[in-house]
Each structure stands twice: as C-alpha cells, then as structure tokens.
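Each chain, written out:
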Amino acid sequence: MHKSNWLTAVAGNEKGDIFDLPGFAAVGGNGPLELPLTVSETCSLPHGGELMYLPGRAPLVYDLDLKQVVVLEENPYEPGERLFPVAAFNSPGYVITHTCAWQELADADHLPLFSYSAVGWNGDQFRVPLVQVDNEPRQDLRQMPVEKVLAGVKQMQKKMPGNRLRKHLEGCALKYGCPAGKNFFLGRYEAPLPSSAACNASCLGCLSLQSEGCISQSQDRISFTPTADEIAQVALAHIERVKKAVVSFGQGCEGDPLMVSDLLVSAIGKIRKATSKGTINLNTNGSLPEKIEQLINAGLDSMRVSMNSIRKACYTAYFRPKGYCFEDAVKSIDLARSRNVHVSINYLNCPGFTDSPAERDALLDFIKDHPFHMIQWRNLNFDPVRYLKIMNEAGDPGGNPVGMRVLLDQVRQMFPHIRYGYFNPAKETFQNMTK
Ligand code: SF4
C-alpha cells in the first residue's frame, strides 16, 4: 500500500497541542486488534465532534518504515516531549468502527464518560472511522444558536413561570448544553420530560449517577419529582408548536422513569385528554413489564430499551440490576411489540465487544426470537479498554471481532425491515409496524 493511503497519526502534548506525526499511520482499536487506518475507511470529522488528549496513556501508532504498531511515549521530533493519545468524541448519528488505541501507563486514571474514537490526519483535515446511521439534524449544534435558546427560555418563563420542570430544563439547556433541553426551548423535534431521581440499576457508565466516585458523572440527577400537571404542561407546550413532535420520558439527567410509573400514567392521561397529536416516548431499562403495560394502556406510543449486550452475563456486568434481571427487559420488549407500540433497542455499542462473534450471534438470534422495529446505535460513553476487560471477564467473545461495518451489514441483510438510527422517531414516520 502506498504510504499516502495511510491516515497520518496525530498526538497531543502536555500543553494540549495536537499535531500530526509524519512517518506514522493512525491505529484503530477493535478489541484485541490494533490496525493501521487507511484514508478510505475514514471520513472527515463531522461538525460538532470534539478532540481530546488522554492523560496517563501513550499512543499506539503504525511505524511505516518498521511496518509494525509501536507505542510512542516520546515525540520523535521533539526529544523529551511526552506524547498523549488523541481521541474524537463524535456527533450524534455516527457509529464508531475503531476506538482510539493506547497503552495505559502507571499514572492512568479513569477516563470521563465519553466515547473515544480513533482519529488521524490527511490533507488538511482530521478524519475518523465512522459509519453514519442517522442524518437528521436533530442535535446539529449549528441549528441551535444560543440567542434563540435564550429567547425560548424567556418565552417559556412567561408561559409557565411556576413550572419546576421548565426551570430544570433551563439548567439542562444553559448549564449542561443538553441538545434535548435546547430543543424544547427552540421548539424543535423532541422535548425531554425527566421525572425520576431513582433507578433500579447501577450502570457502569451512568451519566447521572456515579456512586463509586472514581468517575465523574456528566450531569446531576433531577432532585425533585415533577407533578403530572407540570409534565403535561411542558409536553403540551411542545406538541402544540412542533410538527411531528416527540416528548420523551427517560433522560440522561434522571434515573429510570419506571420508578415513577404512576406519575407517568397520570401525565400521559392529561396529555392525551388534551390532544392526540405528538409521540409519547419512553426511554427506559425496561425492567418492569407490568408498569410498562400500564403506560401502554394510558397511551404510550413508543419505547426505547437500553442494552449494552444481548448476553445476560455481559448485560448484568454493565447494568448491575437491582431487583430485576435481563429477562424482564426482554419481556417488556415482547409485551410492547405485541401491543403495537414502536420498540427500539438503544444499543450501547463498542468496537471489539459489539462486533465480537459471540455478541453478533446473540444479536441475530435475539432479533429473530424477539422482533422489534429499530436499532438506535449509540456509541458507549465509557473507557473502551476497561470496558472490554470487564466484558471479556463476563463472557467469552468467541474469537476476533468481525468489524462494526460487517456487523451493520450482516444485521441489515438478515433483517432488512429493522430500521437503523440514533433518534426516537415520530409516530408519523414509524415503519414496519405490522412486521
Ligand atoms: S438505567 Fe439509566 S439511570 Fe439507571 S443506572 Fe443505568 S444509565 Fe443510570
């Protein structure tokens, strides 16, 4: 292969500078495989992607002269300068095919809750190994100018001054920069309806509660329980002004909404009494099928169940469920499907695990035995090296990974009706509901 076909490696230094390393190709991690990346298997870094350098680690790069993967602790062009791996945290709608490849050093600490894709340089651009599964601009930051968000905040302050949930969403939009929170104030696509401070799982990568204290959570959990009137008021304000509106329980700033299912039944009742418009969606761990039945009876339109794995041992090692088990989540999927509710799997994917032969086979069997409508491919926000270690202890991967692209194609070939995406669809766009 001519050297120009290789993606040039990049690295960072203590000052946070990011630079290319001529003579070395970028390496992508795929579980036990560390492979040099070519330009053709990457795309330019999508808008909104962020670059990070990773402390306590040294980059793996491919030495084009030695024709082998090497660890570079020091900058070959600046003797004595320590090098750090550079990873990309990509925009929504893209599946990572290769993670950033590094070697942990003695002073390596936990990495914060992001996904870490490989990244390299070519021509005048950063390039990343991604496959796009959703091109909807729902969370495109270019469509969310802050002045418009602020105008929306003021408008909602006037419309519902005493509504605590509206106040909470202000914090989401302005303090945490949450795109879902911003979309409520912008009157776009999907509005969040966080409601539960509690959860019956303890996910390794929970964004709203990290009880072990070694990883910082990305945002704080909602600290109060809104009333059904507060929830309905926010939902209806969104539905009345947004075409194909979606309103969703189960956000990154809460526990699992099933913990307050009676409240949700009442809120859905108030929304459906006022309008038949809009899609009422539930993002959940699916742990309590009997509660889900009550929500369906109340008028729930769609449900998204989060899973990092279709294998019980690997699911349990990640979700650490309390008082429920993997089979309960499966029961919820079957129940909702049988009641003609649109069902998605929020598949927390990580190259090296999700495309392992064992996980791939489990996924194909699962889709056959427990049909549903959509896979939302969501890059797992967790240190891939530590995640793979935990997962491989929980379950044998069954050989080398097949590759995320191959996995996406194989599922597509076997189950062409399964929709791929990233965002909760509006009911006007539901597909294959009879299949
Ligand atoms: S199910 Fe959701 S809220 Fe509960 S621990 Fe997991 S990520 Fe956190």
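These numbers were taken from a predicted model, which means no experiment stands behind them.

## What to know about the sheet that holds strand E21 (residues 419–421)
Taken together, 7 strands build an open sheet; the order of strands is E15-E16-E17-E18-E19-E20-E21 and the sheet is parallel. Looking at the sheet topology across the chains shown, the edges are occupied by strand E15 (190–192) and E21. The sheet shows a mean angle of 25 degrees between the axes of neighbouring strands, taken without regard to direction. Alignment of strand E16 (residues 246–249) against strand E17 (residues 279–284), held across 4 bridges, turns out to be parallel. By the bridge assignment, Val247 is partnered in E17 with Ile280.

## What about the packing of helix H2 (residues 164–174) against helix H4 (residues 228–239)?
The contact between H2 and H4 brings their axes to 8 Å, and the two run at 60 degrees. With respect to each other, H2 and H4 are oriented oblique. Contacts between H2 and H4 involve Arg164, Leu165, Arg166 and Leu169 from the first element and Glu230, Ile231 and Val234 from the second. Residues that form the contact of H2 with H4 fall into these classes: 4 nonpolar, no polar and 3 charged.

## Quick look at the site of the ligand
Taken together, Cys199, Ala201, Ser202, Cys203, Cys206, Arg221, Glu254, Gly255 and Asn285 make up all the residues around the ligand. Taken together, the residues of the shell around the ligand sort by class into 4 nonpolar, 3 polar and 2 charged.

## Things to note about the state of the cysteines
Tallying each qualifying case throughout the model produces 0 disulfides. Free of any disulfide, Cys314 has its nearest neighbouring cysteine sulfur in Cys350, separated by 12 Å.

## So, the nonpolar core
Generally speaking, a soluble globular protein has its nonpolar side chains buried in company with each other. Met307 and Trp377 are the most contacted members of the largest nonpolar core, which totals 93 residues. Ranked by the residues each element gives to this core, the list is headed by H4, at 7 residues. Three or more residues apiece are contributed to this core by two domains, here domain 1 (3–132) and domain 2 (148–432). Once you skip the residues sitting within four places of it in the chain, Met307 turns out to touch Tyr315, Phe319, Phe326, Ala329, Val330, Ile333, Ile345, Asn346, Tyr347, Leu348 and Phe366.

## What to know about the domain arrangement of the protein chain
In terms of domain boundaries, the protein chain breaks down into domain 1 (3–132) and domain 2 (148–432). Distance from the C-alpha centre of domain 1 to the C-alpha centre of domain 2: 30 Å. Taken together, the contacts link 29 residues of domain 1 with 31 residues of domain 2. Interface area for domain 1 against domain 2, summed over the two sides, is near 2300 Å², with a carbon-plus-sulfur share of 61%. Three residues stand out in domain 1 for area buried against domain 2, namely Val95, His110 and Leu113, and they jointly supply 29% of the buried area on that side. Here domain 1 is connected to domain 2 by 2 salt bridges. The closest approach of N and O atoms between Arg57 and Asp383, which form a salt bridge, is 3.5 Å.

What counts, and where the lines are drawn
- Residues numbered from 1 in each chain as written.
- Predicted model: local features only at pLDDT ≥ 70, side-chain atom pairs only at ≥ 80, totals over all residues.
- Heavy atoms only, no water.
- Pairing = 2+ DSSP bridges.
- Helix = DSSP H or I, 4+ residues; strand = E, 2+ residues; numbered from the N terminus.
- Axes fitted to C-alpha atoms, helices over the stretch in contact; angles between N-to-C directions.
- Parallel < 35°, antiparallel > 145°, perpendicular 65-115°, else oblique.
- Contact = heavy atoms within 4.5 Å.
- Nonpolar A, V, L, I, M, F, W, Y, C, P; charged D, E, K, R; others polar.
- Near = heavy atom within 4 Å.
- Disulfide = S-S within 2.5 Å.
- Core = buried A, V, L, I, M, F, W, Y, C linked by side-chain atoms within 4.5 Å.
- Buried < 20%, exposed > 50% of the residue type's maximum accessible area, 1.4 Å probe, protein only.
- Domains from an automatic or database assignment.
- Buried area = accessible area lost by both parts, 1.4 Å probe.
- Salt bridge = Lys/Arg side-chain N within 4 Å of Asp/Glu carboxyl O.

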